[in-house]
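Each chain, written out:
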Amino acid sequence: MKKKKILVTSALLYVNGLPHLGHVVGCWLPGDVFTRFNKTIGNDTIYVSGTDDHGTTSYISAKEIGMEPSEFIDLMNSKIKEIAEKLSINFDKFSGTNTPTHKDVTLDFFNEIYKNGYTLEKESNMLFCEKDKIALADRFVYGVCPYCGYDKAYGDQCDKCGKTYELDDLIDPKCSFCGEKAVKKGTKHIYITLDKLQPKLQKWVESKKDVWRPHVYSMTNKWFKEGLMPRCITRDIPWGIKVPLEGFEDKVFYVWFDAPIGYISITKELGGEEMVKDRWQNDDCEIYNFIGKDNIDFHAVFFPSMELACGKYNLAENVVGFNFLNFEGQKFSKSKKIGIFCNTLLDSDVDIDALRAYLVSIFPENKDSDFTYEGFKLNTNAELVGKYGNFFNRTLNMINKNFDGHLDITFNDIDLDDVDNEMVEAIKCCPDTIADLYAKTEFRAAYKEILRFASIGNTYLEKTAPWSLIKNGEIDKAKKVLYLCLNMAKSLAIVASPIMPNRTAEIWQEQLNFAGRPDAPNMWEEASKIDISKNHKINQPKPLFARLDDETIERYKEQLSVPFDLKDLKG
């Protein structure tokens, strides 16, 4: 099979806050699982992401705690990176948009769009606060949403209904700093002519009809039915990348324009101009964007339109849009302390691999899903302990106890019956099925298939009863059974490694006694082989996962629901 070149991106997080589990599920974890899988099958894969550092949110947050924006961004970026590491999210490069490289790439990107004739200058109204003497845009202003009537809608987007709109459309706008009524003043902004780009964009979207998830395709097509309009790409705010045109010196690029270019600039930080050519300008490289529902419009409409206007960079192979993760039947809420906030995970004893496995099992791939502590407990105890871990534990314990960890046979030494052949067939075929699901970003189904694979092993143990064979003196038959089970254990460690990288590496090295890691490059092809050597000896086994009891769950409920507060940075 020909190896692929792949670039994986996950949505840049706003730098003004730390992520909760909804953010992790919407982009980080699926991107990580997909990257780990592709590296393990031998594809040349890199994974980049970072923080969205410009715009009003970071400026306001820095001002609130008395920091300069750059100082605040550096501090928050490092904290977000620490959380990613705790969750075993293995980025090849995690950076942000407040870097010299990003500024250079953004200016070049804009200059190409400008040169290609896809911009226009247009007079519009700017909102201004007479009391604070500042221009108001986006998070600097709030008012009534023109679509749903929510009275705390921002200048560019309503957090309640999710709609985006022009600043002029906001009803009864007020200054976010002092609450005074905003006044309108005339100004000039730069727009990207999305209407000119719609035919090209629509053709590209149609080519992805059978690749994208149905809800991503349908959400994107709604824009075409309404017809794309020119969209403003500049703002009258003090924080961002300055527009390099005469007459626009006091303006910066609107963050929705600036942020997605970060994928390119972070790639450049990782490997220079050569890597940009290799990943963004190479038709042999496939690009995958992992995003949440609220980012679908930006990645399926706006950013690809920008790329088409620029003409220098390739568009994504797949915009992998996820729906929302709720928490115990409710939306995540910082003010109401509803959810699991990732800052609390840093000092907790939560088994990260058990958490990752449960999150994958409830990924909101095609509809919204719900995190429940009862579900977390059930998945850990019934699936990870009772099914997946149980197979390893039973197999390795019997080999260690009865044969001193050493079976002293190979596949060529054994005679197979019908029950054995079912086991052999599973080892040879299940990894391919799981690989196909990973490749199609059907992670829930891949996880389910891994558990089914483990169940085949447990059923085989029950049918063959090697403990009875040993008791009855049928040693060769018992060795045959345990040899096949040991090879399945090797396979199960490999196929589960993208989801549970720590526990699978632990059992691989410390118990199965193999060199390296189960998620090493090109390791996947070993999952279908029954080839453990005659002289291989396992180490002392121990349980892979610990059961969760009610007392532990209650402790987690209390510990993990404390949201991060920016005021904590002052200390």
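Quantities reported herein were computed from a predicted structural model and do not represent experimental measurements. (Residues numbered from 1 in each chain as written. Predicted model: local features only at pLDDT ≥ 70, side-chain atom pairs only at ≥ 80, totals over all residues. Heavy atoms only, no water.)

Some details on the packing of aromatic side chains
Logical step 1: With the rule as written, the count across this model stands at 37 aromatic pairs.
Logical step 2: Measuring from ring centre to ring centre gives 5.2 Å for Trp204 and Trp212, while their planes differ by 75 degrees; the resulting arrangement is edge-to-face. Like Trp212, Trp204 is buried.
Logical step 3: Summarising the aromatic geometry, the rings of Tyr254 and Trp256 are spaced 6.3 Å apart at their centres and angled 80 degrees between planes, so their arrangement reads as edge-to-face. The pair formed by Tyr254 and Trp256 is uniform in burial state, with each residue classed as buried.
Logical step 4: Three or more aromatic residues joined by ring pairs make a cluster, and in this case those are Phe109, Phe110, Tyr114, Trp223, Phe253, Tyr254, Trp256, Phe257, Phe298, Phe302 and Tyr313.
Logical step 5: One Lys or Arg, Lys185, reaches over the ring of Phe128 and ends 3.9 Å from the middle of that ring.
Logical step 6: For Arg235, the ring lying beneath its charged end belongs to Tyr254, and the centroid distance is 3.8 Å. (Phe/Tyr/Trp six-rings, centres within 6.5 Å; stacked < 30°, edge-to-face > 60°. Buried < 20%, exposed > 50% of the residue type's maximum accessible area, 1.4 Å probe, protein only. Lys NZ or Arg CZ within 6 Å of the ring centre and 35° of its normal.)

Focus on the sheet that holds strand β10 (residues 183-192)
Logical step 1: The strand order β6-β5-β10-β11 describes an open sheet built from 4 strands, whose pairing is antiparallel. With one partner strand each, in any of the chains shown, β6 (134-136) and β11 (231-232) form the two edges of the open sheet.
Logical step 2: With 2 bridges connecting them, β10 and β11 associate as antiparallel partners. Pairing of Tyr191 across the sheet is with Cys232, part of β11. (Pairing = 2+ DSSP bridges. Helix = DSSP H or I, 4+ residues; strand = E, 2+ residues; numbered from the N terminus.)

Digging into the packing of helix α11 (residues 373-403) against helix α17 (residues 550-559)
Logical step 1: Relative orientation of the contacting elements α11 and α17 amounts to 135 degrees, with a least axis distance of 11 Å. As summarised for this structure, α11 and α17 are arranged oblique, according to the angle between their axes. Note that α11 runs across α17; the crossing there is right-handed. On α17, the residues that touch Tyr373, Phe376 and Lys377 of α11 are Asp550, Ile553, Tyr556 and Lys557.
Logical step 2: Classifying every residue of the contact of α11 with α17 gives 4 nonpolar, no polar and 3 charged. (Axes fitted to C-alpha atoms, helices over the stretch in contact; angles between N-to-C directions. Parallel < 35°, antiparallel > 145°, perpendicular 65-115°, else oblique. Left-handed = near helix turned anticlockwise from the far one by under 90°. Contact = heavy atoms within 4.5 Å. Nonpolar A, V, L, I, M, F, W, Y, C, P; charged D, E, K, R; others polar.)

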